[in-house]
Amino acid sequence: MPTPSSTYRLQLRGDGFTLEDARGIVDYLDDLGVTHAYLSPVLTATDGSTHGYDVVDPTSVSPALGGRSALDALAAELSSRGMGVVIDIVPNHVGVEDPRQNAWWWDVLTNGSASQYATFFDIDWAEDNGTDGKIALPILGSDADVDELTIDRTGDTPLLAYYEHRFPIATGTDDGDATTVHDRQAYRLVNWRSGLVGYRRFFSVNGLAGLRQEDYDVFTESHREIASWMTDGVVDGIRVDHPDGLADPAGYLTELRELMGPDRWLVIEKILARGEPLDTSLPVDGTTGYDALADVGGVFVDPAGAAALGELSLARTGIASDAAWLHDAEEASKTAVAQGDLKPEVRRLTRAILRESGTDASADSVTDAVVAVVAHMPYYRSDYAPLAGTLARVIGIVLQKKPELEAGLDAVTAALVADGESAVRFEQVCGAVTAKGVEDRLFYRATRLISLQEVGGDPSSFGVAPAQFHLANADRATHWPAAMTTLSTHDTKRGEDVRARIGVLSQTPELWARCIADWELLVPSPDGTTGLFLWQNLFGVWPVDGVLDEEFRGRIHAYAEKAIREANLRTGWNESDEKFETSVHDWLDGVMQGSVADSVTMLVARLDPHGRSDALGQKLLQLAGPGVPDVYQGTELWDDSLVDPDNRRPVDFAARRELLTHNDTPDSSTDAAAKFRVVRAALRERRERPGSFVGGTYAPVYARGSAPAHVVGFARGPAQGDPDVIALATRHSLTLESKGWGTTSVVLPQGQWRDRLTGTQFTGDVAATELFAALPVALLVRENVGDTDR
């Protein structure tokens with residue numbers, strides 16, 4: 001079956017956008033040029049779930065979304081138009097926040113190790129687990145709260161109750177008071193601050209329990225519904241959520257590939273560090289595109305602004321947020337996470353190492369060694385083939401820096417060489433510590449240029465040079481031609497257009513510094529780090545017309561609360577500082593009114609056209625570039641989304657349908673329809689010339705003349721033919737503004753070329769002023785005799 005030409009990500013939710021609703025926009029997606037609808041998880045999730053990643057029943061399609069019949073109907077509607085379905089699956093974990101909703105988990109809590117599902121979960125049954133071999137459930141507010149337990153006898157069977165929580169009572173154990181009954185169960189409710197958790201979690205989320213996909217019986221049962229999609233021809237591809245959390249990602253993907261067959265599209269949410277290669281031995285088509293996001297966005301960032309923005313950060317926060325600081329801060333942040341939120345996982349790993357190492361190292365020394373090694377690990381996990389030798393180098397570095405850890409490191413080494421439980425848990429802990437320590441903490445603390453602080457990004461690398469960009473694209477075209485590429489996802493910290501506008505600050509750091517100084521005099525922020533971080537976000541989403549309605553204000557306050565808690569500097573999720581949080585909200589209210597608000601609006605009006613220029617540029621380069629581009633729902637129009645749940649707001653598809661009938665060329669990059677025009681033209685071009693994109697050739701296109709560095713572009717074409725598509729974009733348009741294009745031109749390959757965005761035809765040596773007369777981007781297609789306007 002054919003590889004997707006493009007995908008369109010749809011965030012399904014039972015209370016807002018079901019499978020039937022998705023079916024209702026298939027004609028729109030078809031007209032837009034999309035070939036595959038890419039669905040968020042559809043298996044039965046926790047009641048009221050707005051994202052679907054908390055699956056409670058992997059064996060059924062969510063009734064709230066419409067059930068299997070609705071999925072079949074959607075697939076049939078897509079198939080009737082020559083389109084297909086890609087579905088996001090979640091193999092690593094299931095939702096257990098309300099045990100009553102998860103039949104497997106409920107049975108384990110009821111029957112303990114005798115449960116038929118006992119081996120499905122990664123449960124710590126050991127006698128030395130801190131709860132005498134019982135499953136520790138971190139639910140209680142304090143140790144004394146065990147006295148708050150009651151027996152709920154209102155239903156058919158008695159339940160152990162703790163406020164709104166309910167837990168099963170094993171048959172024949174319900175006589176006596178609640179504490180006595182509790183002590184007889186296979187689980188033990190513990191203080192959530194105790195550091196005791198009786199199961200592997202997704203990162204540090206207590207409500208998500210890890211599955212043991214390395215057990216073939218678990219794989220088979222948890223993929224029963226997924227297997228039926230393959231048998232019945234319902235889906236054309238799968239996106240795998242967080243494979244690094246599994247015990248054996250490569251083994252899992254091998255099983256999944258066998259289940260899917262050799263031809264269906266398979267991409268994985270593998271977060272690659274900058275410079276980390278994807279393991280070519282994996283039976284996948286590529287990643288979900290964060291690596292491409294960093295390349296495409298980075299080429300529009302001006303490296304000349306790094307020093308001045310670093311000086312601003314240093315002056316306002318005491319830190320430069322440069323490469324040296326980021327390296328040290330990452331190590332410190334990962335250390336804190338390993339010793340804090342993920343302490344239960346580290347403790348369980350330590351116990352495994354002590355059992356398997358054969359040494360007499362103390363538990364404390366092993367724990368210290370584990371924390372140091374995971375804090376220094378440069379990747380999510382080190383057991384993929386291209387990373388062979390990484391762990392040895394990291395341990396060597398740690399030993400040089402901290403020779404006092406030698407005994408603990410020897411124990412860690414012995415256990416890892418034994419290649420048993422310790423080796424598995426070590427890699428799982430590494431990934432969790434990296435995710436929580438970097439993306440979910442450090443990236444909310446660094447303040448030099450926050451548009452660089454994205455999942456899989458490296459903010460220490462300030463921008464991407466065109467040469468670097470082209471080499472990365474050429475490598476992708478050759479080795480991973482069907483990998484997904486993206487600019488926005490349900491996990492991005494800021495939407496693509498918000499990042500593009502913030503990135504413009506790299507071209508005018510002095511102006512930004514003056515504005516910050518003026519604004520801080522009038523409305524001083526609660527502290528330098530919080531202020532500089534939130535100022536950039538405010539600039540990124542501030543309406544051009546300066547109209548701040550209640551919805552906007554509410555979104556800003558909600559985002560700020562999440563951001564300062566994730567940063568965990570002065571407040572956090574576990575221990576919130578109400579006084580500090582109130583000061584932040586009061587400060588934001590001060591910013592969003594009066595003279596400061598007027599000043600922000602003036603700056604936004606000045607720089608927004610350049611943000612939109614970059615937004616169009618990165619969108620075109622993503623859509624025309626190597627790989628299979630995904631369009632996140634709604635981002636075919638200008639989008640001001642911040643991190644989830646802000647980026648899961650309802651999409652107005654009616655407004656987007658209206659634009660299908662508009663064929664006028666947009667006046668400029670600020671035109672409301674400009675982005676829509678670019679997206680639609682590029683998607684349709686991909687669909688009409690599939691051979692020129694997935695599996696096609698790639699070659700850089702350079703400008704010449706007085707301002708060649710302000711053009712970035714490439715040519716695509718069929719594997720056995722000449723290039724027939726050229727994508728060109730303006731970069732650093734703000735600095736270009738003062739000098740103009742001058743003599744800059746692009747020499748086109750032989751033939752006649754038509755811009756699909758404007759209809760203008762070009763041949764030979766074309767001046768940049770002509771290419772970009774209407775828009776800062778151009779999508780040129782080679783005209784053949786007999787071609788008609790498409």
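All values derive from a computational prediction rather than experimental measurement.

J.: Any details on the nonpolar core? Residues and values, ideally.
T.: Taken as a class, soluble globular proteins show a tendency for nonpolar side chains to be buried jointly. Judged by nonpolar contacts, the single largest core of 89 residues is most densely connected at Leu10, Leu19, Leu39, Trp229, Ile238 and Leu621. In contact with Leu19, not counting residues within four places along its chain, are Leu12, Leu39, Val42, Val61, Leu65, Gly67, Ala70, Leu71 and Leu74. Membership of the second largest hydrophobic core comes to 49 residues, among which are Trp535, Val541, Leu588 and Met592.

J.: I'd love a proper account of the sheet that holds strand 5 (residues 84-89), names of residues and values included.
T.: If you trace the eight strands from one edge of the open sheet to the other, you get 16-15-14-5-2-1-18-17, paired in parallel fashion. Strands at the two margins of the open sheet, each flanked by one partner only, are strand 16 (286-287) and strand 17 (484-485). In this structure, strand 1 (residues 7-10) lies alongside strand 2 (residues 36-39), joined through four bridges in parallel fashion. By the bridge assignment, Thr7 is partnered in strand 2 with His36. In the packing of helix 8 (residues 249-260) onto the sheet, the strands contacted are strand 5, strand 14 (237-240) and strand 15 (265-268), and the crossing angle to strand 14 comes to about 165°.

J.: An account of helix 17 (residues 466-479) is needed here, citing residue identities and associated values.
T.: With 14 residues, helix 17 ought to run about 20 Å at 1.5 Å a step, and its terminal C-alpha atoms sit 20 Å apart, in line with that. Check the buried side of helix 17 and you find it contacts helix 9 (290-298), strand 17, helix 23 (594-624), strand 19 (697-701) and strand 20 (711-717).

J.: I'd like a description of the packing of aromatic side chains, backed by residues and values.
T.: Enumeration over the complete set of coordinates arrives at 21 aromatic pairs. A centroid spacing of 4.9 Å and a plane angle of 70° characterise the contact between Trp105 and Phe121, whose relative ring orientation is edge-to-face. Residue Trp105 is found in helix 4 (residues 103-111), and its partner Phe121 is found in the loop between helix 4 and strand 7 (135-140); the two are separated by 16 residues along the sequence. Each of the two residues, Trp105 as well as Phe121, counts as buried. Plain terms: the ring middles of Trp512 and Phe539 are 5.6 Å apart, the flat faces sit at 55° to each other, and that makes the pair tilted. One end of the pair, Trp512, is in helix 19 (residues 509-522); the other, Phe539, is in helix 20 (residues 528-541), and 27 residues separate them in sequence. Assigned by exposure class, Trp512 and Phe539 land together as buried. Site record: aromatic cluster; members linked through ring pairs are Trp512, Trp519, Trp535, Phe539 and Trp587. In this arrangement the basic side chain of Arg501 is found over the ring face of Phe539, its NZ or CZ atom lying 5.9 Å from the centre.

J.: I'd like to hear about the environment of Leu603, residue by residue, with values.
T.: Mapped onto the secondary structure, Leu603 falls in helix 23. Accessibility expressed as a relative area gives 7% for Leu603, which makes it buried. In sequence terms Leu603 and Glu20 are 583 residues apart; their C-alpha atoms lie 43 Å from each other. Non-local contacts of Leu603, meaning those with residues more than four positions away in its chain, are made with Leu511, Trp512, Cys515, Trp519 and Phe539.

J.: For helix 22 (residues 578-591), give the residues involved together with the corresponding values.
T.: Note on helix geometry: an α-helix contains 3.6 residues per turn, so any two residues three or four positions apart are oriented the same way. Helix length check: helix 22 (14 residues) gives 20 Å between terminal C-alpha atoms against 20 Å at 1.5 Å per residue, within 8%. Of the positions making up helix 22, those classed as buried are Phe580, Glu581, Val584, His585, Trp587, Leu588, Gly590 and Val591. Tucked into the core, helix 22 has its buried residues touching helix 20, helix 21 (550-567) and helix 23. Two or three places before Lys579, at the opening of helix 22, Asp577 has a side-chain oxygen 3.1 Å from that residue's backbone nitrogen.

J.: How would you explain the sheet that holds strand 23 (residues 752-755) if you had to name every residue and give the values?
T.: Taken in spatial order, the six strands of this open sheet run 19-20-21-26-23-24, and their pairing is antiparallel. Each edge of the open sheet carries a strand with a single partner, namely strand 19 and strand 24 (761-762). With two bridges joining them, strand 23 and strand 24 adopt antiparallel strand pairing. Residue pairing for strand 24: Arg754 is matched across the bridge by Gln761. Contacts between helix 17 and the sheet are confined to strand 19 and strand 20, with strand 19 contributing the most and set at about 170° to the helix. Its contacts with the sheet put helix 25 (residues 674-688) on strand 21 (725-730) and strand 26 (777-783), and the angle it makes with strand 26 is roughly 30°.

J.: Go over the domain arrangement of the chain with me, naming the residues and quoting the values.
T.: Splitting the chain by domain gives domain 1 (7-92 + 213-269), domain 2 (99-210), domain 3 (322-444) and domain 4 (510-606). For domain 1 versus domain 3, the separation of C-alpha centres amounts to 34 Å. With five residues of domain 1 at the interface, the matching set in domain 3 holds five residues. Carbon and sulfur atoms make up 48% of the area that domain 1 and domain 3 hide from each other, which totals about 530 Å². The largest share of the area that domain 1 buries against domain 3 comes from Asp244, Ala247 and Pro249, three residues that together contribute 72% of it. Between the two partners, domain 1 and domain 3, sit zero salt bridges. Counting the contacts that link domain 1 with domain 3 gives five residue pairs in polar contact (both at pLDDT 80 or more). In the side of domain 1 that touches domain 3, the residues fall into three nonpolar, one polar and one charged.

J.: How would you summarise the pattern of salt bridges if you had to cite specific residues and measurements?
T.: Within this structure, the stated rule accounts for 68 salt bridges. Residue Lys401 is joined to Glu331 by a salt bridge in which the shortest nitrogen-to-oxygen separation is 3.2 Å. Taken as a pair, Lys401 in helix 14 (residues 390-401) and Glu331 in helix 11 (residues 323-339) lie far apart in primary sequence, 70 residues in all. Residue classification places Lys401 among the partly exposed residues on the basis of a relative accessible area of 44%. Each of Glu20, Arg23, Asp30, Glu77, Arg81 and Arg687 takes part in one network of salt bridges that share partners.

J.: Explain unusual backbone geometry to me, and be specific about the residues and the numbers.
T.: The omega torsion across Asp644 and Pro645 is 5°, close enough to zero to call that bond cis. Note that Pro645 resides in the loop between strand 18 (628-632) and helix 24 (653-659). With a phi close to 50°, Tyr163 is a non-glycine residue in the positive phi region. By the secondary structure assignment, Tyr163 is in the loop between strand 9 (159-162) and strand 10 (165-168). At Ser321, a position not held by glycine, the phi torsion is positive, near 55°.

J.: Tell me about the pairing of strand 15, and name the residues and values.
T.: Burial of the side chains of strand 15 extends over both faces: Trp265 and Val267 are buried on one face and Leu266 and Ile268 on the other. Pairing of strand 14 with strand 15, which is carried by four bridges, proceeds in the parallel orientation. Along strand 15, the bridge assignment pairs Ile238 with Leu266. What joins strand 14 to strand 15 is helix 8, and the crossover it makes is right-handed.

J.: Quick one: what's the story with the packing of helix 19 against helix 23, residue by residue and with numbers?
T.: Where helix 19 meets helix 23, the closest approach of the two axes is 10 Å, and the angle between their N-to-C directions is 170°. One element, helix 19, and the other, helix 23, form an angle in the roughly antiparallel class. Between helix 19, through Leu511, Trp512, Cys515, Trp519 and Leu522, and helix 23, the contact on the second element is made entirely by Ser595, Val596, Ser599, Val600 and Leu603. In terms of residue class, the contact of helix 19 with helix 23 is made up of eight nonpolar, two polar and no charged.

Procedures and definitions
Chains are numbered independently. Their residues run from 1 in the order of the written sequence. This being a predicted model, a pLDDT of at least 70 is required before a residue's local features are given, and a value of 80 or more before pairs of side-chain atoms are given or counted; all residues contribute to the totals for chains, interfaces and linings. Side-chain measures here rest on the full set of heavy atoms in the structure, leaving out hydrogens and waters. Among buried residues, those of type Ala, Val, Leu, Ile, Met, Phe, Trp, Tyr and Cys that are joined through side-chain atoms within 4.5 Å constitute a nonpolar core. Think of it in three bands: with a 1.4 Å probe and only protein chains considered, a residue is buried below 20% of the maximum accessible area for its type, exposed above 50%, and partly exposed in between. Throughout, a contact is declared for two residues whenever any of their heavy atoms are within 4.5 Å. When DSSP finds two or more bridges between a pair of strands, those strands are recorded as paired. Secondary structure counts use DSSP, requiring at least four H or I residues in a row for a helix and at least two E residues in a row for a strand, with both numbered from the N terminus. Only the stretch in contact is used when fitting a helix axis, every axis being a line fitted to C-alpha atoms; angles between N-to-C directions are given from 0 to 180 degrees. Residue count minus one, scaled by 1.5 Å, sets the expected span of a helix. Only the six-membered ring of Trp is used, alongside the rings of Phe and Tyr, when aromatic pairs are assigned; centres must lie within 6.5 Å, and planes under 30 degrees apart are stacked while those over 60 apart are edge-to-face, with the rest tilted. Two conditions define a charge sitting above a ring: the NZ of Lys or the CZ of Arg must be within 6 Å of the ring centre, and it must be within 35 degrees of the ring normal. We define a polar contact as two N or O atoms separated by no more than 3.5 Å, with the added condition that, inside protein, one atom must be a possible hydrogen donor and the other a possible acceptor, whereas residues neighbouring each other in sequence contribute only through side-chain atom pairs. What fixes the domain bounds is an automatic or database domain assignment. Accessible area that two parts lose when put together, evaluated with a 1.4 Å probe and summed over both, is termed the buried area. We count a salt bridge whenever a side-chain nitrogen from Lys or Arg sits within 4 Å of a carboxyl oxygen from Asp or Glu. We call Asp, Glu, Lys and Arg charged. Ala, Val, Leu, Ile, Met, Phe, Trp, Tyr, Cys and Pro are nonpolar, and the rest, Gly among them, are polar. Look down the strands so they point away from you; if the path from the first strand over the helix to the second goes clockwise, the crossover is right-handed. Should an angle lie under 35 degrees it is considered roughly parallel, over 145 roughly antiparallel, and from 65 to 115 roughly perpendicular; all remaining angles are considered oblique.

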